[in-house]
Amino acid sequence: MPFYEYRCEDCKKTFTMSELISEHEGHEKEPECPKCGSVRTHQLLSGFFAKTDSKT
Ligand SMILES: [Zn+2]
């Protein structure tokens, strides 16, 4: 499942949200920061990535 990366403007934390959640929330609304609860977040434009569990 692809994940999108966001960054919080308040605490600078980066976090990921799944594509399904972003579709449900709508493209105009950014998700809340999971750390501080701020809605001043924006999606990073580096594209999505596939989360892997590989250990090296
Ligand atoms: Zn934050």
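Below is a short write-up of the structure. What you are looking at is a predicted structure, and each value in this text was computed from that prediction instead of being measured.

## Some words on the nonpolar core
Right, so step 1: Membership of the largest hydrophobic core is limited to six residues, which are Y4, Y6, C8, F15, M17 and C33.
Right, so step 2: For this core, the secondary-structure elements that each account for two or more residues are β1 (2-8) and β2 (14-18).
Right, so step 3: No other element matches β1, which puts three residues into this core.

## Observations regarding the pattern of salt bridges
Right, so step 1: As enumerated under the stated definition, the model contains three salt bridges in all.
Right, so step 2: The partner of R7 in a salt bridge is E9, with the nearest N and O atoms 3.9 Å apart.
Right, so step 3: For R7, a relative accessible area of 32% gives the class partly exposed.
Right, so step 4: With a relative accessible area of 26%, E9 lands in the partly exposed category.
Right, so step 5: Notably, a salt bridge pairs E9 with K12, separated by 3.6 Å at the nearest N-O pair.

Thresholds applied
Residues numbered from 1 in each chain as written. Predicted model: local features only at pLDDT ≥ 70, side-chain atom pairs only at ≥ 80, totals over all residues. Heavy atoms only, no water. Core = buried A, V, L, I, M, F, W, Y, C linked by side-chain atoms within 4.5 Å. Buried < 20%, exposed > 50% of the residue type's maximum accessible area, 1.4 Å probe, protein only. Helix = DSSP H or I, 4+ residues; strand = E, 2+ residues; numbered from the N terminus. Salt bridge = Lys/Arg side-chain N within 4 Å of Asp/Glu carboxyl O.

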